[in-house]
Amino acid sequence: MENNNNRRIRIFDTTLRDGEQAPGASLYPEEKIRIARQLAKMGVDTIEPGFPISSPGDFQAVQQISRELQTVEICGFARAVKADIDAAVKATNDAAHRRIHMFLSSSDIHLDFQLRKSRQQVVEMARSMVAYAKQFVDRIEFSPMDATRTGDEFLFEVLEAVIAEGATILNIPDTVGYALPEEYGAMFRRVRQSVRGGDTVEYSAHCHNDLGLAVANSLAAIAAGVTHVEVTVNGVGERAGNCSLEELVMAIETRKQTMGVETGIIISEVFNTSKMVSRIMGFPIAYNKPIVGRNAFQHEAGIHQDGLLKNRSTYEIMDPEKLGIPRSMIILGKHSGRHALKHRVGQFGVELTSEELETLYTRFKEKADEQKIVTDDQLMELVGSTVEGQMEAFTLNHVQVVSSSDRSRVASVSVRNNQTGEEKVYSGTGEGPIEAIVQSLRQAMPMEVEFSDLEMHSLSTGEKATGEAEVTILVGGQTYKNTGIDQDVLIAVAKAFVSACNQAVRMQGNPVPQISASSAS
Ligand code: KIV
Ligand code: ZN
(Lines give C-alpha, C1' and ligand atoms only; values in the text may rest on other atoms or scores of the structure.)
(Ligands and ions follow the chains in the order given, each with its own letter.)
Protein backbone atom coordinates (compact mmCIF):
# COMPACT_ATOMS: atom_id res chain seq x y z
CA MET A 1 0.00 0.00 0.00
CA GLU A 2 1.33 3.52 -0.91
CA ASN A 3 2.30 5.63 2.04
CA ASN A 4 1.71 9.33 1.32
CA ASN A 5 3.55 10.46 4.43
CA ASN A 6 6.96 9.70 2.98
CA ARG A 7 9.65 12.19 3.93
CA ARG A 8 10.93 14.06 0.85
CA ILE A 9 14.67 13.69 0.20
CA ARG A 10 16.22 16.56 -1.82
CA ILE A 11 18.58 15.49 -4.55
CA PHE A 12 21.58 17.82 -4.82
CA ASP A 13 23.43 17.11 -8.03
CA THR A 14 27.14 17.91 -8.11
CA THR A 15 28.03 16.14 -11.39
CA LEU A 16 29.14 19.48 -12.83
CA ARG A 17 31.35 20.38 -9.86
CA ASP A 18 32.58 17.37 -7.85
CA GLY A 19 31.88 14.97 -10.75
CA GLU A 20 33.86 17.13 -13.10
CA GLN A 21 36.85 16.84 -10.75
CA ALA A 22 37.27 13.23 -11.95
CA PRO A 23 40.46 13.00 -13.99
CA GLY A 24 39.65 13.48 -17.68
CA ALA A 25 36.04 14.53 -17.11
CA SER A 26 36.31 18.28 -17.56
CA LEU A 27 33.54 19.98 -19.50
CA TYR A 28 33.14 23.05 -21.69
CA PRO A 29 30.54 25.62 -20.53
CA GLU A 30 28.09 24.64 -23.34
CA GLU A 31 28.37 21.00 -22.28
CA LYS A 32 27.58 21.95 -18.68
CA ILE A 33 24.54 23.88 -19.83
CA ARG A 34 23.23 20.90 -21.84
CA ILE A 35 23.71 18.54 -18.90
CA ALA A 36 22.14 21.03 -16.46
CA ARG A 37 19.02 21.26 -18.63
CA GLN A 38 18.71 17.48 -18.54
CA LEU A 39 19.26 17.40 -14.76
CA ALA A 40 16.44 19.92 -14.34
CA LYS A 41 14.22 17.86 -16.64
CA MET A 42 14.96 14.79 -14.50
CA GLY A 43 13.75 16.68 -11.42
CA VAL A 44 16.84 17.25 -9.27
CA ASP A 45 16.25 19.83 -6.53
CA THR A 46 19.65 21.55 -6.54
CA ILE A 47 22.40 21.83 -9.14
CA GLU A 48 25.98 22.73 -8.28
CA PRO A 49 27.16 23.73 -11.77
CA GLY A 50 30.81 24.50 -10.99
CA PHE A 51 33.35 26.45 -9.02
CA PRO A 52 32.93 30.07 -10.18
CA ILE A 53 36.33 31.38 -9.06
CA SER A 54 38.20 28.50 -10.71
CA SER A 55 37.96 29.70 -14.33
CA PRO A 56 36.08 32.19 -16.52
CA GLY A 57 34.42 29.21 -18.24
CA ASP A 58 33.07 27.86 -14.94
CA PHE A 59 31.88 31.31 -13.91
CA GLN A 60 30.05 31.72 -17.22
CA ALA A 61 28.48 28.24 -16.97
CA VAL A 62 27.20 28.88 -13.42
CA GLN A 63 25.88 32.30 -14.48
CA GLN A 64 24.07 31.04 -17.56
CA ILE A 65 22.59 28.04 -15.75
CA SER A 66 21.40 30.40 -12.96
CA ARG A 67 19.68 32.58 -15.56
CA GLU A 68 18.11 29.78 -17.53
CA LEU A 69 17.00 27.20 -14.97
CA GLN A 70 14.62 29.08 -12.73
CA THR A 71 12.80 26.08 -11.29
CA VAL A 72 15.80 24.48 -9.58
CA GLU A 73 18.01 25.78 -6.82
CA ILE A 74 21.50 26.75 -8.04
CA CYS A 75 24.47 26.39 -5.76
CA GLY A 76 27.62 28.51 -5.96
CA PHE A 77 30.70 26.70 -4.63
CA ALA A 78 33.40 28.57 -2.70
CA ARG A 79 36.37 28.11 -0.38
CA ALA A 80 36.10 30.07 2.87
CA VAL A 81 37.74 33.14 1.32
CA LYS A 82 36.20 36.42 0.21
CA ALA A 83 37.20 36.26 -3.46
CA ASP A 84 35.58 32.81 -3.86
CA ILE A 85 32.42 33.92 -2.08
CA ASP A 86 32.21 37.09 -4.21
CA ALA A 87 32.52 35.03 -7.41
CA ALA A 88 29.90 32.51 -6.24
CA VAL A 89 27.49 35.28 -5.19
CA LYS A 90 27.93 37.10 -8.51
CA ALA A 91 27.66 34.00 -10.70
CA THR A 92 24.39 32.91 -9.03
CA ASN A 93 22.93 36.42 -8.82
CA ASP A 94 20.17 35.82 -11.39
CA ALA A 95 19.03 32.45 -10.04
CA ALA A 96 15.44 32.31 -8.82
CA HIS A 97 16.57 30.07 -5.94
CA ARG A 98 20.16 29.83 -4.77
CA ARG A 99 22.53 28.85 -2.04
CA ILE A 100 26.23 29.35 -1.40
CA HIS A 101 28.20 26.20 -0.55
CA MET A 102 31.34 27.00 1.41
CA PHE A 103 33.91 24.44 2.48
CA LEU A 104 36.90 24.42 4.82
CA SER A 105 38.95 21.47 6.04
CA SER A 106 38.48 20.37 9.63
CA SER A 107 40.60 17.23 10.15
CA ASP A 108 44.04 17.51 11.76
CA ILE A 109 45.55 15.72 8.76
CA HIS A 110 44.31 18.51 6.48
CA LEU A 111 45.09 21.30 8.94
CA ASP A 112 48.66 20.14 9.53
CA PHE A 113 49.70 19.09 6.05
CA GLN A 114 47.53 21.10 3.71
CA LEU A 115 46.19 24.28 5.28
CA ARG A 116 49.04 24.66 7.80
CA LYS A 117 46.64 26.45 10.15
CA SER A 118 45.74 25.96 13.79
CA ARG A 119 42.28 24.84 14.90
CA GLN A 120 41.66 28.31 16.28
CA GLN A 121 42.50 29.92 12.94
CA VAL A 122 40.18 27.53 11.12
CA VAL A 123 37.23 28.23 13.44
CA GLU A 124 37.82 31.94 12.96
CA MET A 125 37.94 31.62 9.16
CA ALA A 126 34.75 29.55 9.11
CA ARG A 127 32.94 31.98 11.41
CA SER A 128 33.97 35.16 9.60
CA MET A 129 33.40 33.82 6.07
CA VAL A 130 29.92 32.48 6.85
CA ALA A 131 29.09 35.92 8.31
CA TYR A 132 30.48 37.55 5.16
CA ALA A 133 28.46 35.33 2.76
CA LYS A 134 25.31 35.73 4.84
CA GLN A 135 25.17 39.43 3.91
CA PHE A 136 24.44 38.43 0.31
CA VAL A 137 22.61 35.11 0.39
CA ASP A 138 20.32 33.64 3.01
CA ARG A 139 20.85 29.94 2.30
CA ILE A 140 24.39 29.09 3.32
CA GLU A 141 25.65 25.51 3.22
CA PHE A 142 28.82 24.81 5.17
CA SER A 143 31.02 21.71 4.63
CA PRO A 144 33.80 20.81 7.08
CA MET A 145 36.04 18.96 4.62
CA ASP A 146 37.29 15.53 5.75
CA ALA A 147 34.66 15.62 8.51
CA THR A 148 34.65 11.86 9.02
CA ARG A 149 38.31 11.95 10.11
CA THR A 150 37.92 15.06 12.28
CA GLY A 151 36.66 13.85 15.66
CA ASP A 152 33.58 15.11 17.48
CA GLU A 153 35.18 17.75 19.65
CA PHE A 154 36.59 19.97 16.91
CA LEU A 155 33.84 19.11 14.41
CA PHE A 156 31.19 20.29 16.88
CA GLU A 157 33.16 23.48 17.62
CA VAL A 158 33.31 24.42 13.92
CA LEU A 159 29.67 23.56 13.32
CA GLU A 160 28.49 25.58 16.35
CA ALA A 161 30.45 28.57 15.09
CA VAL A 162 28.93 28.48 11.58
CA ILE A 163 25.39 27.92 12.87
CA ALA A 164 25.81 30.96 15.10
CA GLU A 165 26.73 33.05 12.03
CA GLY A 166 23.71 31.90 10.04
CA ALA A 167 24.66 28.70 8.14
CA THR A 168 21.37 27.03 7.25
CA ILE A 169 22.54 23.67 5.86
CA LEU A 170 25.30 21.53 7.34
CA ASN A 171 26.89 19.18 4.83
CA ILE A 172 29.10 16.67 6.59
CA PRO A 173 31.25 15.12 3.88
CA ASP A 174 33.01 11.78 3.90
CA THR A 175 35.66 13.35 1.69
CA VAL A 176 37.95 10.33 1.46
CA GLY A 177 35.28 7.59 1.51
CA TYR A 178 36.45 6.27 4.88
CA ALA A 179 33.23 5.98 6.91
CA LEU A 180 31.16 2.85 7.49
CA PRO A 181 27.37 3.21 7.21
CA GLU A 182 26.63 2.88 10.94
CA GLU A 183 29.33 5.39 11.84
CA TYR A 184 28.17 7.89 9.25
CA GLY A 185 24.53 7.77 10.35
CA ALA A 186 25.51 7.97 14.04
CA MET A 187 27.63 11.06 13.36
CA PHE A 188 24.58 12.98 12.06
CA ARG A 189 22.56 11.92 15.10
CA ARG A 190 25.25 13.13 17.49
CA VAL A 191 25.66 16.44 15.67
CA ARG A 192 21.94 17.13 15.75
CA GLN A 193 21.71 16.28 19.45
CA SER A 194 24.94 17.78 20.78
CA VAL A 195 25.81 20.82 18.66
CA ARG A 196 24.27 24.07 19.89
CA GLY A 197 21.63 25.06 17.32
CA GLY A 198 21.95 21.61 15.69
CA ASP A 199 18.18 21.17 15.65
CA THR A 200 17.61 24.46 13.80
CA VAL A 201 19.43 23.61 10.55
CA GLU A 202 19.02 21.21 7.62
CA TYR A 203 21.49 18.37 6.98
CA SER A 204 23.15 17.12 3.84
CA ALA A 205 25.19 13.96 3.13
CA HIS A 206 28.13 13.91 0.72
CA CYS A 207 29.88 10.57 0.28
CA HIS A 208 32.81 9.32 -1.75
CA ASN A 209 33.10 5.78 -2.95
CA ASP A 210 36.65 4.72 -2.10
CA LEU A 211 35.38 1.63 -0.26
CA GLY A 212 32.31 1.20 -2.46
CA LEU A 213 30.13 2.49 0.40
CA ALA A 214 28.97 5.87 -0.90
CA VAL A 215 25.36 4.78 -1.53
CA ALA A 216 25.16 2.73 1.69
CA ASN A 217 26.55 5.65 3.70
CA SER A 218 24.10 8.10 2.10
CA LEU A 219 21.21 5.76 2.93
CA ALA A 220 22.45 5.53 6.52
CA ALA A 221 22.49 9.35 6.66
CA ILE A 222 18.91 9.43 5.36
CA ALA A 223 17.88 6.95 8.05
CA ALA A 224 19.49 9.34 10.56
CA GLY A 225 17.25 12.19 9.38
CA VAL A 226 19.29 13.91 6.65
CA THR A 227 17.12 15.60 4.01
CA HIS A 228 19.64 16.56 1.29
CA VAL A 229 21.90 14.07 -0.48
CA GLU A 230 24.75 15.14 -2.75
CA VAL A 231 25.18 12.84 -5.72
CA THR A 232 26.62 12.64 -9.22
CA VAL A 233 25.26 10.99 -12.34
CA ASN A 234 26.96 7.61 -12.91
CA GLY A 235 28.80 8.23 -9.61
CA VAL A 236 31.54 10.18 -11.43
CA GLY A 237 33.93 12.10 -9.24
CA GLU A 238 37.39 12.19 -7.69
CA ARG A 239 39.12 8.76 -7.45
CA ALA A 240 36.38 6.08 -7.13
CA GLY A 241 33.73 8.78 -7.46
CA ASN A 242 30.73 10.08 -5.50
CA CYS A 243 27.42 8.61 -4.43
CA SER A 244 25.72 7.61 -7.67
CA LEU A 245 22.45 9.44 -8.33
CA GLU A 246 20.77 6.56 -10.11
CA GLU A 247 21.72 3.98 -7.48
CA LEU A 248 20.57 6.13 -4.57
CA VAL A 249 17.35 7.20 -6.26
CA MET A 250 16.44 3.65 -7.29
CA ALA A 251 17.28 2.26 -3.84
CA ILE A 252 14.81 4.80 -2.41
CA GLU A 253 12.24 4.20 -5.15
CA THR A 254 12.42 0.42 -4.82
CA ARG A 255 12.38 0.34 -1.00
CA LYS A 256 10.41 3.50 -0.20
CA GLN A 257 7.80 1.72 1.84
CA THR A 258 10.47 0.33 4.13
CA MET A 259 12.45 3.57 4.30
CA GLY A 260 9.48 5.96 4.44
CA VAL A 261 11.18 8.44 2.08
CA GLU A 262 10.90 9.50 -1.56
CA THR A 263 12.60 11.81 -4.07
CA GLY A 264 11.25 14.08 -6.78
CA ILE A 265 13.26 12.40 -9.55
CA ILE A 266 11.42 11.50 -12.76
CA ILE A 267 12.51 7.91 -13.09
CA SER A 268 11.94 7.69 -16.85
CA GLU A 269 14.68 10.32 -17.39
CA VAL A 270 17.36 8.49 -15.38
CA PHE A 271 18.76 6.37 -18.21
CA ASN A 272 18.82 9.23 -20.75
CA THR A 273 20.67 11.41 -18.26
CA SER A 274 23.20 8.70 -17.54
CA LYS A 275 23.88 8.15 -21.25
CA MET A 276 24.18 11.86 -21.89
CA VAL A 277 26.68 12.41 -19.08
CA SER A 278 28.71 9.36 -20.08
CA ARG A 279 28.86 10.51 -23.71
CA ILE A 280 29.66 14.16 -23.03
CA MET A 281 32.27 13.42 -20.34
CA GLY A 282 33.75 10.57 -22.36
CA PHE A 283 33.35 8.29 -19.35
CA PRO A 284 32.20 4.77 -20.21
CA ILE A 285 29.76 2.98 -17.89
CA ALA A 286 30.86 -0.41 -16.51
CA TYR A 287 28.79 -3.29 -17.90
CA ASN A 288 27.76 -4.38 -14.42
CA LYS A 289 27.02 -0.89 -13.05
CA PRO A 290 23.70 -1.05 -11.18
CA ILE A 291 20.69 0.51 -12.91
CA VAL A 292 22.42 1.93 -16.01
CA GLY A 293 25.10 -0.64 -16.92
CA ARG A 294 24.56 -2.69 -20.05
CA ASN A 295 24.07 -5.91 -18.11
CA ALA A 296 21.89 -4.41 -15.36
CA PHE A 297 18.70 -5.86 -16.84
CA GLN A 298 20.07 -8.58 -19.06
CA HIS A 299 19.88 -12.26 -18.37
CA GLU A 300 21.78 -15.06 -19.99
CA ALA A 301 21.37 -18.06 -17.71
CA GLY A 302 18.69 -20.42 -19.04
CA ILE A 303 16.93 -20.80 -15.69
CA HIS A 304 16.73 -17.03 -15.24
CA GLN A 305 15.48 -16.52 -18.80
CA ASP A 306 12.82 -19.14 -18.28
CA GLY A 307 11.69 -17.47 -15.04
CA LEU A 308 11.61 -14.02 -16.66
CA LEU A 309 9.53 -15.18 -19.56
CA LYS A 310 7.00 -16.54 -17.08
CA ASN A 311 7.05 -13.45 -14.88
CA ARG A 312 9.52 -10.55 -14.89
CA SER A 313 9.55 -10.28 -11.11
CA THR A 314 11.20 -13.70 -10.75
CA TYR A 315 14.63 -12.16 -11.33
CA GLU A 316 14.06 -8.41 -11.55
CA ILE A 317 13.28 -5.96 -8.75
CA MET A 318 12.87 -2.92 -11.03
CA ASP A 319 11.14 -2.46 -14.37
CA PRO A 320 13.76 -1.28 -16.91
CA GLU A 321 11.04 0.24 -19.09
CA LYS A 322 10.09 2.65 -16.29
CA LEU A 323 13.69 3.83 -16.30
CA GLY A 324 13.53 4.51 -20.02
CA ILE A 325 15.83 1.58 -20.85
CA PRO A 326 15.08 0.40 -24.36
CA ARG A 327 17.13 -2.78 -24.33
CA SER A 328 15.99 -6.31 -24.54
CA MET A 329 16.34 -8.20 -21.28
CA ILE A 330 17.36 -11.51 -22.71
CA ILE A 331 20.85 -12.08 -24.03
CA LEU A 332 21.18 -15.14 -26.16
CA GLY A 333 24.36 -17.02 -25.34
CA LYS A 334 25.54 -20.51 -24.58
CA HIS A 335 23.54 -20.62 -21.34
CA SER A 336 20.24 -19.83 -23.03
CA GLY A 337 17.57 -22.46 -23.39
CA ARG A 338 15.00 -23.38 -26.06
CA HIS A 339 12.31 -21.34 -24.37
CA ALA A 340 14.29 -18.08 -24.67
CA LEU A 341 15.27 -18.88 -28.26
CA LYS A 342 11.69 -19.53 -29.27
CA HIS A 343 10.56 -16.36 -27.54
CA ARG A 344 13.19 -14.21 -29.25
CA VAL A 345 12.51 -15.45 -32.77
CA GLY A 346 8.81 -15.10 -31.99
CA GLN A 347 9.41 -11.38 -31.35
CA PHE A 348 10.53 -11.21 -34.99
CA GLY A 349 7.30 -12.79 -36.18
CA VAL A 350 8.91 -16.20 -36.77
CA GLU A 351 6.92 -19.25 -35.74
CA LEU A 352 8.75 -22.54 -35.44
CA THR A 353 7.54 -26.12 -35.33
CA SER A 354 9.20 -28.23 -32.62
CA GLU A 355 11.41 -29.87 -35.26
CA GLU A 356 12.52 -26.52 -36.63
CA LEU A 357 13.22 -25.31 -33.10
CA GLU A 358 15.44 -28.35 -32.46
CA THR A 359 17.47 -27.72 -35.65
CA LEU A 360 17.78 -24.04 -34.91
CA TYR A 361 18.74 -24.73 -31.29
CA THR A 362 21.63 -27.01 -32.31
CA ARG A 363 23.01 -24.44 -34.76
CA PHE A 364 22.48 -21.64 -32.27
CA LYS A 365 24.48 -23.49 -29.58
CA GLU A 366 27.38 -24.01 -32.02
CA LYS A 367 27.40 -20.29 -32.77
CA ALA A 368 27.15 -19.34 -29.08
CA ASP A 369 30.10 -21.62 -28.25
CA GLU A 370 32.16 -19.88 -30.92
CA GLN A 371 31.52 -16.30 -29.85
CA LYS A 372 29.85 -16.07 -26.42
CA ILE A 373 26.73 -14.19 -27.49
CA VAL A 374 24.53 -14.37 -30.57
CA THR A 375 23.20 -11.07 -31.89
CA ASP A 376 19.70 -10.68 -33.29
CA ASP A 377 21.04 -10.41 -36.81
CA GLN A 378 23.09 -13.55 -36.48
CA LEU A 379 20.07 -15.30 -35.07
CA MET A 380 17.96 -14.21 -38.00
CA GLU A 381 20.67 -15.38 -40.39
CA LEU A 382 20.50 -18.77 -38.68
CA VAL A 383 16.72 -18.71 -38.99
CA GLY A 384 17.02 -17.80 -42.67
CA SER A 385 19.31 -20.70 -43.42
CA THR A 386 17.51 -23.17 -41.15
CA VAL A 387 13.87 -22.44 -41.67
CA GLU A 388 12.65 -21.87 -45.18
CA GLY A 389 10.97 -18.58 -45.83
CA GLN A 390 11.96 -16.45 -42.82
CA MET A 391 14.45 -13.63 -43.38
CA GLU A 392 15.49 -10.21 -42.18
CA ALA A 393 14.76 -7.18 -44.40
CA PHE A 394 18.42 -6.46 -45.32
CA THR A 395 21.53 -8.58 -45.49
CA LEU A 396 24.99 -7.05 -45.45
CA ASN A 397 27.17 -9.06 -47.81
CA HIS A 398 30.37 -7.10 -48.24
CA VAL A 399 32.21 -4.10 -46.72
CA GLN A 400 35.35 -2.43 -48.02
CA VAL A 401 36.98 0.71 -46.59
CA VAL A 402 39.98 2.60 -47.89
CA SER A 403 41.65 4.69 -45.19
CA SER A 404 44.61 7.00 -45.39
CA SER A 405 45.75 9.74 -43.04
CA ASP A 406 45.73 12.52 -45.63
CA ARG A 407 42.54 12.10 -47.60
CA SER A 408 38.91 11.30 -46.86
CA ARG A 409 37.94 7.69 -46.27
CA VAL A 410 36.00 5.82 -48.91
CA ALA A 411 33.70 2.88 -48.21
CA SER A 412 31.71 0.58 -50.40
CA VAL A 413 29.12 -1.88 -49.16
CA SER A 414 27.02 -4.50 -50.78
CA VAL A 415 23.52 -4.90 -49.33
CA ARG A 416 20.77 -7.26 -50.31
CA ASN A 417 17.19 -6.08 -49.94
CA ASN A 418 15.49 -9.36 -49.12
CA GLN A 419 12.10 -7.96 -49.89
CA THR A 420 12.92 -7.17 -53.53
CA GLY A 421 15.67 -9.79 -53.83
CA GLU A 422 17.96 -7.07 -55.24
CA GLU A 423 21.61 -6.79 -54.20
CA LYS A 424 23.41 -3.50 -54.87
CA VAL A 425 26.74 -1.86 -54.15
CA TYR A 426 26.72 1.60 -52.52
CA SER A 427 29.68 3.84 -51.79
CA GLY A 428 30.27 6.87 -49.60
CA THR A 429 33.00 9.05 -48.15
CA GLY A 430 33.68 10.57 -44.75
CA GLU A 431 36.31 12.18 -42.59
CA GLY A 432 36.64 8.85 -40.81
CA PRO A 433 35.95 5.26 -41.90
CA ILE A 434 32.80 4.98 -39.77
CA GLU A 435 31.27 8.04 -41.40
CA ALA A 436 32.12 6.59 -44.83
CA ILE A 437 30.47 3.25 -43.97
CA VAL A 438 27.36 4.92 -42.56
CA GLN A 439 27.06 7.18 -45.63
CA SER A 440 27.17 4.10 -47.87
CA LEU A 441 24.73 2.04 -45.83
CA ARG A 442 22.20 4.85 -45.56
CA GLN A 443 21.79 4.76 -49.34
CA ALA A 444 20.77 1.12 -49.13
CA MET A 445 17.86 1.89 -46.81
CA PRO A 446 14.46 2.87 -48.14
CA MET A 447 13.85 5.06 -45.05
CA GLU A 448 15.63 8.08 -43.44
CA VAL A 449 18.10 6.77 -40.86
CA GLU A 450 19.87 9.03 -38.38
CA PHE A 451 23.01 7.63 -36.77
CA SER A 452 22.77 8.73 -33.13
CA ASP A 453 25.26 6.79 -31.01
CA LEU A 454 28.05 4.24 -31.11
CA GLU A 455 29.70 2.25 -28.32
CA MET A 456 32.58 -0.09 -28.94
CA HIS A 457 33.84 -2.84 -26.67
CA SER A 458 36.37 -5.61 -26.90
CA LEU A 459 34.91 -9.04 -26.18
CA SER A 460 38.23 -10.78 -25.68
CA THR A 461 41.93 -10.03 -25.30
CA GLY A 462 45.02 -10.49 -27.45
CA GLU A 463 45.62 -9.96 -31.14
CA LYS A 464 42.62 -11.98 -32.19
CA ALA A 465 40.22 -10.01 -30.00
CA THR A 466 36.74 -9.56 -31.40
CA GLY A 467 35.10 -6.16 -31.23
CA GLU A 468 31.50 -5.52 -30.43
CA ALA A 469 29.82 -2.39 -31.78
CA GLU A 470 26.53 -1.14 -30.35
CA VAL A 471 24.83 1.28 -32.73
CA THR A 472 21.81 3.44 -31.94
CA ILE A 473 19.80 4.93 -34.81
CA LEU A 474 16.71 7.10 -35.11
CA VAL A 475 14.04 6.16 -37.63
CA GLY A 476 10.78 8.12 -37.71
CA GLY A 477 11.53 9.62 -34.28
CA GLN A 478 12.01 6.16 -32.70
CA THR A 479 15.28 4.85 -31.27
CA TYR A 480 16.60 1.42 -32.28
CA LYS A 481 19.75 -0.16 -30.97
CA ASN A 482 21.60 -3.26 -32.10
CA THR A 483 24.98 -4.89 -31.95
CA GLY A 484 27.46 -6.34 -34.41
CA ILE A 485 30.44 -8.54 -33.60
CA ASP A 486 33.52 -9.02 -35.75
CA GLN A 487 37.28 -9.19 -35.45
CA ASP A 488 37.31 -6.12 -37.69
CA VAL A 489 35.72 -3.32 -35.68
CA LEU A 490 34.60 -1.41 -38.78
CA ILE A 491 32.73 -4.45 -40.03
CA ALA A 492 31.22 -4.80 -36.53
CA VAL A 493 29.89 -1.22 -36.89
CA ALA A 494 28.45 -1.97 -40.35
CA LYS A 495 26.76 -5.13 -39.06
CA ALA A 496 25.33 -3.31 -36.05
CA PHE A 497 23.97 -0.51 -38.27
CA VAL A 498 22.23 -2.96 -40.61
CA SER A 499 20.87 -4.91 -37.61
CA ALA A 500 19.43 -1.74 -36.14
CA CYS A 501 17.81 -0.93 -39.52
CA ASN A 502 16.35 -4.45 -39.61
CA GLN A 503 14.97 -3.88 -36.14
CA ALA A 504 13.40 -0.58 -37.25
CA VAL A 505 11.70 -2.31 -40.18
CA ARG A 506 10.42 -5.05 -37.86
CA MET A 507 9.17 -2.73 -35.16
CA GLN A 508 7.54 -0.19 -37.44
CA GLY A 509 5.15 -2.87 -38.57
CA ASN A 510 6.60 -3.58 -42.01
CA PRO A 511 5.99 -7.20 -42.79
CA VAL A 512 8.92 -9.55 -42.28
CA PRO A 513 9.90 -10.39 -45.85
CA GLN A 514 8.78 -13.84 -46.77
CA ILE A 515 11.00 -15.32 -49.43
CA SER A 516 12.24 -18.81 -49.74
CA ALA A 517 15.59 -19.72 -48.20
CA SER A 518 16.86 -21.01 -51.54
CA SER A 519 16.16 -17.78 -53.42
CA ALA A 520 17.73 -15.82 -50.56
CA SER A 521 21.10 -17.53 -50.72
O1 KIV B 1 34.31 15.69 -0.79
C2 KIV B 1 34.24 16.81 -0.25
O3 KIV B 1 34.61 17.03 0.89
C4 KIV B 1 33.70 17.87 -1.08
C5 KIV B 1 33.35 19.09 -0.33
C6 KIV B 1 34.20 20.19 -0.58
C7 KIV B 1 31.95 19.24 -0.07
O8 KIV B 1 33.49 17.73 -2.27
ZN1 ZN C 1 33.34 15.58 -2.68
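All residue numbers refer to positions counted from 1 along the written sequence of the respective chain. The lettering of chains begins at A and the numbering of ligands begins at 1, in the order of writing. At least 70 in pLDDT is required for a residue's local features to be given in this predicted model, at least 80 for side-chain atom pairs to be given and counted, and no such filter applies to totals for whole chains, interfaces and linings, which use all residues. Heavy atoms from the whole structure form the basis of all side-chain values; hydrogens and water molecules are not counted.

Caption draft 1: How the structure looks around the coordination of the zinc ion (ligand 2). Looking at the zinc ion (ligand 2), the protein donor atoms are Asp18 (OD), His206 (NE2) and His208 (NE2), and they sit 2.0 to 2.1 Å from it. Metal coordination here is assigned from N, O and S atoms located within 2.8 Å of the ion, or within 3.2 Å for Na, K and Ca; omission of water means that sites may look incomplete. Of note, the donors binding the zinc ion (ligand 2) are all from one chain and are spaced D-x187-H-x1-H. One end of the pair, aspartate 18, is in the loop between strand S2 (10-13) and helix H1 (29-42); the other, histidine 208, is in the loop between strand S8 (202-207) and helix H8 (214-223), and 190 residues separate them in sequence. Exposure class is identical for aspartate 18 and histidine 208. Each is buried. A run of DSSP states H or I qualifies as a helix once it reaches four residues; a run of E qualifies as a strand once it reaches two. Both are numbered from the N-terminal end. Note on exposure labels: buried denotes an accessible area under 20% of the residue type's maximum, exposed denotes more than 50%, and partly exposed covers the range between, all computed with a 1.4 Å probe on protein chains only.

Caption draft 2: Summary view of the nonpolar core. Grouping buried Ala, Val, Leu, Ile, Met, Phe, Trp, Tyr and Cys residues that are joined through side-chain atoms within 4.5 Å yields what is termed a nonpolar core. In terms of nonpolar packing, the biggest core is built from 95 residues, with Val44, Ile47, Phe142, Phe188, Val191 and Leu248 touching the most fellow members. A total of eight residues in this core trace back to one element, the largest contributor, which is helix H6 (residues 152-164). All domain edges in this entry derive from an automatic or database-based domain assignment. Each of domain 1 (8-281) and domain 2 (302-387) gives at least three residues to this core. Not counting residues up to four positions away in its chain, the partners in contact with phenylalanine 188 are Ile172, Tyr203, Ser204, Ala205, Ala221, Ala224 and Val226. Core analysis: the next-biggest nonpolar cluster, separate from the first, contains 31 residues, Phe394, Tyr480, Leu490 and Ala504 among them. In what follows, residue pairs with any heavy atoms lying within 4.5 Å of each other are defined as contacts.

Caption draft 3: Structural view of the domain arrangement of the protein. Annotation of the protein at the domain level lists domain 1 (8-281), domain 2 (302-387) and domain 3 (394-519). Of note, the centres of domain 2 and domain 3, computed from C-alpha atoms alone, are 22 Å apart. Of the residues lining the interface, ten residues belong to domain 2; the matching set on domain 3 comes to 13 residues. When two components associate, each loses some accessible surface as probed by a 1.4 Å sphere; the sum of these losses over both components is called the buried area. Between domain 2 and domain 3 lies a buried interface of about 1000 Å² when both sides are counted; carbon and sulfur atoms form 51% of it. Contact with domain 3 buries surface across domain 2, with Phe348, Thr375 and Asp377 losing the most and accounting together for 40% of the total. Any Lys or Arg side-chain nitrogen found within 4 Å of a carboxyl oxygen on Asp or Glu counts as a salt bridge. Our enumeration of links across domain 2 and domain 3 arrives at zero salt bridges. As used in this structure description, the phrase polar contact means that two N or O atoms lie within 3.5 Å; if the pair is within protein, one of them must be able to donate a hydrogen and the other to accept it, and residues adjacent in sequence are counted only when both atoms belong to side chains. Applying the counting criterion to the domain 2 and domain 3 interface returns zero residue pairs in polar contact (both at pLDDT 80 or more). If you tally residues by element for the side of domain 2 that touches domain 3, the top one is helix H15 (residues 376-386), at four residues.

Caption draft 4: Broad picture of the pairing of S2. Being paired, for any two strands, means DSSP has found at least two bridges between them. Across four bridges, S2 lies against strand S9 (residues 228-231) in parallel orientation. If you follow isoleucine 11 over to S9, its bridge partner there is valine 229. Pairing geometry for S2 and strand S3 (residues 46-47), over two bridges, is parallel. Its bridge partner being in S3, aspartate 13 is matched across the sheet by isoleucine 47. Look down the strands so they point away from you; if the path from the first strand over the helix to the second goes clockwise, the crossover is right-handed. Once the chain exits S2 it traverses H1 before rejoining the sheet at S3, and the crossover so formed is right-handed.

Caption draft 5: View of the UniProt feature "domain: Pyruvate carboxyltransferase" (unreviewed entry) in the protein. Per the UniProt record, the feature "domain: Pyruvate carboxyltransferase" (unreviewed entry) sits at residues 9-271. Secondary structure across residues 9-271 divides into 43% helix and 17% strand, with the first and last C-alpha atoms of the span separated by 20 Å. UniProt positions are given in the numbering used here, feature names are shortened, and annotations may be inferred rather than shown by experiment.

Caption draft 6: Summary view of the packing of aromatic side chains. Aromatic rings from Phe, Tyr and Trp, with only the six-membered ring used for Trp, were paired whenever their centres fell within 6.5 Å, and each pair was classed as stacked if the ring planes differed by under 30 degrees, edge-to-face if by over 60, and tilted otherwise. Under the defined criterion, the tally for this structure stands at seven aromatic pairs. Here the aromatic rings of phenylalanine 188 and tyrosine 203 are separated by 6.2 Å at their centres, their planes lie at 85°, and the arrangement is edge-to-face. Remark: tyrosine 203 occurs in strand S8 and phenylalanine 188 occurs in helix H7 (residues 181-194); sequence separation between them is 15 residues. For the ring pair phenylalanine 451 and phenylalanine 497, a centre distance of 6.2 Å and an interplane angle of 20° mean the geometry is stacked. Here phenylalanine 451 is found in strand S14 (residues 450-458), whereas its partner phenylalanine 497 is found in helix H17 (residues 489-507), with 46 residues between them in sequence. Residue classification places phenylalanine 451 among the partly exposed residues on the basis of a relative accessible area of 24%. Put simply, the rings of Phe51, Phe77 and Phe103 touch in pairs and so form one group of aromatic residues.

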